[in-house]
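Listed here are the chains, written in short residue letters.
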Amino acid sequence: MKSPIPDYLKIVLENARAIESGSPASYIETLAKADPSKLAVALATVDGNIYSAGDDRVEFSIQSISKAFVYAIAIEDIGLQGVLEKIGVEPSGDAFNQLSLERGSNRPVNPMINAGAITAHSLVTGATAEERTERILKGLSKLAGRQLHVDEEVYEAELKSADRNMAIGYMLKAAGIISCDPQDVVRGYIRQCAINVTVRDLAIMAATLSNAGVHPKTGERVIPQASVRQVLSVMTTCGMYDAAGDWVSNVGIPAKSGVAGGIIGALPGQVGIATFSPNLDERGNSVRGVAICEKLSRDMGLHMMDVSQIAGATVWTSVATIVAGTHEPHHPNCERDVIIFSLRGAVRFPGSERLSRALVRELGEPDPEDPGSGKYIDACAVVISLRDVYSLSAIAQRMLHENIKRLIADKRSVVIIDPSEVLQMKSADGKPGDALPHIVKTENEARDYIGGAGSSTVLIKDDW
Ligand code: GLU
């Protein structure tokens, strides 16, 4: 059997081919000569599978798409605070190559316009311009999963028409934003833009952002999670030149486009996508690329503002009665109720709040306004099952610790079923003397602990 995804991608490409408008970027000679019939799309999953169609092995220069990744490298090298002192995060309605600085702070407004990107380039660690550019080439190659190269012809061509970028470099130097030689920095920035990639490279680079900075293929953490959030935020507000509003409402995926006709989209937690088609619209975005991304987003439900997951269904409650085993027929918990709270999925604030509310309702004092509350106040044990939990966010972890501590302070017997060790209670709260819950791997161990060896349970209520 063949996967339907490549066939679907081919259909999307063929439909986009009918769009004839736009033209290649004209201000860089080599790009102006690009073959406008080239067309490709790739989609990479967060576990490293890549699907692609069309001219998916054709190389083109990364151009402005590099800005997103170099911003991440600059954050890694000098820290977010240092970068924010030099580059703002406000979207600008100006052209990407505008000679402008933010009023008051004198910073470039964001890292996706040339002034901000040239600054980000200058912040990358390196004793010389060559070292800086080498570090960027290495970083991008690591993200692509193969050794990338600079397209010397594109580099030379852009250098010939670099007056505007050079002017931006001198403006940055005069404003005290960059300290090194402006010509060196701009040359390095132009080399960074001339690195060749394919849509398959770009899709996996984008998927690394989607995967919170861990490379989907190698499993290596390439970008710190906090930087990924920063990069995706800026891509969302400033990544598509001055089409950010249209893009966010029609496609809804953090993205970055480049003048050679590439676009990347990185949907947090789901997929990375990339398209290539050289004809650009008047805002500088690939016409067919935008159309393809709109179609993928619509068909595949990729819009980040689609409220597709309601957080409520992550906790359910059941109650069981202990039946003693033959080893301990007179166990004190025999015939008593056990209340079990099971959490599911990736638990974040809403899931942990639901648990907290359920604990209070079932085990707290009865509330006259809420009939049925406080019903299990006499339960002999509280079981919290994390068996089906895939992850606990930091706040879910803290809320869970706090709830468990409060249950123990109320003298309750608390048993946690945690086969994959998602609860890091010891390491997080490791104060000596802290009462800890009893943590087991299976339901059977929980039963043996509560009702004595060999005991069983009869389920009497299962809802929430
Ligand atoms: N190297 C190009 C420039 O600075 C990149 C522009 C872009 O892709 O938007 O003009």
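In the block above lies the structure referred to throughout.
Conventions and cut-offs
- Throughout this description, residue numbers start from 1 for each chain and increase along the sequence as written.
- Under the rules for a predicted model, residues below a pLDDT of 70 receive no local features and side-chain atom pairs below 80 are neither given nor counted, while totals for whole chains, interfaces and linings still include all residues.
- Where side-chain values are given, they derive from all heavy atoms of the structure, hydrogens and water being excluded.
- Salt bridge criterion: a side-chain nitrogen from Lys or Arg within 4 Å of a carboxyl oxygen from Asp or Glu.
- Only DSSP runs of H or I with at least four residues qualify as helices, and only runs of E with at least two residues qualify as strands; both kinds are numbered from the N terminus onward.
- When a residue's accessible area, from a 1.4 Å probe over protein chains only, is under 20% of the maximum for its type it is buried; when over 50% it is exposed; and in between it is partly exposed.
- One less than the number of residues in a helix, times 1.5 Å, gives the span that helix is expected to have.
- Only heavy atoms enter the contact rule, under which two residues are in contact if any of them lie within 4.5 Å.
- Any two strands between which DSSP finds at least two bridges are classified as paired.
- In this analysis an axis means a line fitted to C-alpha atoms, helices contributing only their contacting stretch, and an angle means the value between N-to-C directions, from 0 to 180 degrees.
- Here, proximity means that at least one heavy atom of the residue falls within 4 Å of the molecule or strand.
- The term polar contact refers here to a pair of N or O atoms within 3.5 Å; inside protein, the definition further demands a hydrogen-donor-capable atom paired with an acceptor-capable atom, and it admits residues adjacent in sequence only when both atoms are side-chain atoms.
- Each accessible area is a Shrake-Rupley estimate made with a 1.4 Å probe; only the visible protein chains count as cover when residues are assessed.
- Throughout this entry, Asp, Glu, Lys and Arg are counted as charged residues, while Ala, Val, Leu, Ile, Met, Phe, Trp, Tyr, Cys and Pro are counted as nonpolar. The remaining residues, Gly among them, count as polar.

### A closer look at the pattern of salt bridges
Considering all chains together, one arrives at 22 salt bridges under this definition. With a closest N to O distance of 2.7 Å, Asp201 and Arg146 form a salt bridge. Highlighted residues: Asp201 in helix H9 (residues 199-210) and Arg146 in the loop between helix H5 (129-144) and helix H6 (152-160), separated in sequence by 55 residues. The exposure class assigned to Asp201 is buried, which follows from its relative accessible area of 5%. In this structure Arg146 comes out as partly exposed when scored by relative accessible area, which is 32%. Between Arg191 and Glu152 there is a salt bridge, and its shortest N-O distance comes to 2.7 Å. With Arg191 in helix H8 (residues 182-193) and Glu152 in helix H6, the pair connects residues that are 39 residues apart, well separated along the chain. Overall, the relative accessible area of 23% leaves Arg191 in the partly exposed class. On the basis of relative accessibility, which here comes to 40%, the residue Glu152 falls in the partly exposed class. Residues joined in a network through salt bridges with shared partners are Glu59, Arg146 and Asp201.

### Let's talk about helix H10 (residues 225-238)
Because an α-helix completes one turn every 3.6 residues, residues spaced three or four positions apart along the sequence face the same direction. Across its 14 residues, H10 extends 20 Å between first and last C-alpha, which sits within 8% of the 20 Å expected from 1.5 Å per residue. Residues of H10 that are buried: Ser227, Val228, Gln230, Val231, Leu232, Val234, Met235, Thr236 and Cys238. Its buried side turned inward, H10 meets helix H3 (65-86), H9, helix H11 (244-250), strand S5 (255-257) and strand S6 (262-267).

### Observations concerning the sheet that holds S5
Taken together, the five strands give an open sheet; going across it, the order is S2-S1-S7-S6-S5, and neighbouring strands pair in antiparallel fashion. Since the sheet does not close on itself, it has two edges, and those belong to strand S2 (50-54) and S5, each with one partner. Looking at each pair of strands side by side, their axes are set apart by 10° on average, direction ignored. Bridge analysis of strand S1 (residues 40-45) against strand S7 (residues 271-276) gives six bridges, and the strand direction is antiparallel. Its bridge partner lying in S7, Leu43 is registered against Ile273. Set on the sheet, H9 makes contact with S1, S2, S6 and S7; between it and S7 the angle comes to about 150°.

### What about the site of the ligand?
Lining the immediate environment of the ligand, one finds Tyr27, Gln63, Ser64, Phe96, Asn114, Glu158, Asn165, Tyr189, Cys193, Tyr241, Gly258 and Val259. Within the contact set of the ligand, an oxygen atom lies 2.5 Å away from a side-chain nitrogen or oxygen of Tyr27. Note that an oxygen atom of the ligand is positioned 2.7 Å from one of the side-chain N or O atoms of Tyr189. Starting from 300 Å² of accessible surface for the ligand in isolation, the protein chains cover 100%. Of the residues that constitute the shell around the ligand, the class distribution is six nonpolar, five polar and one charged.

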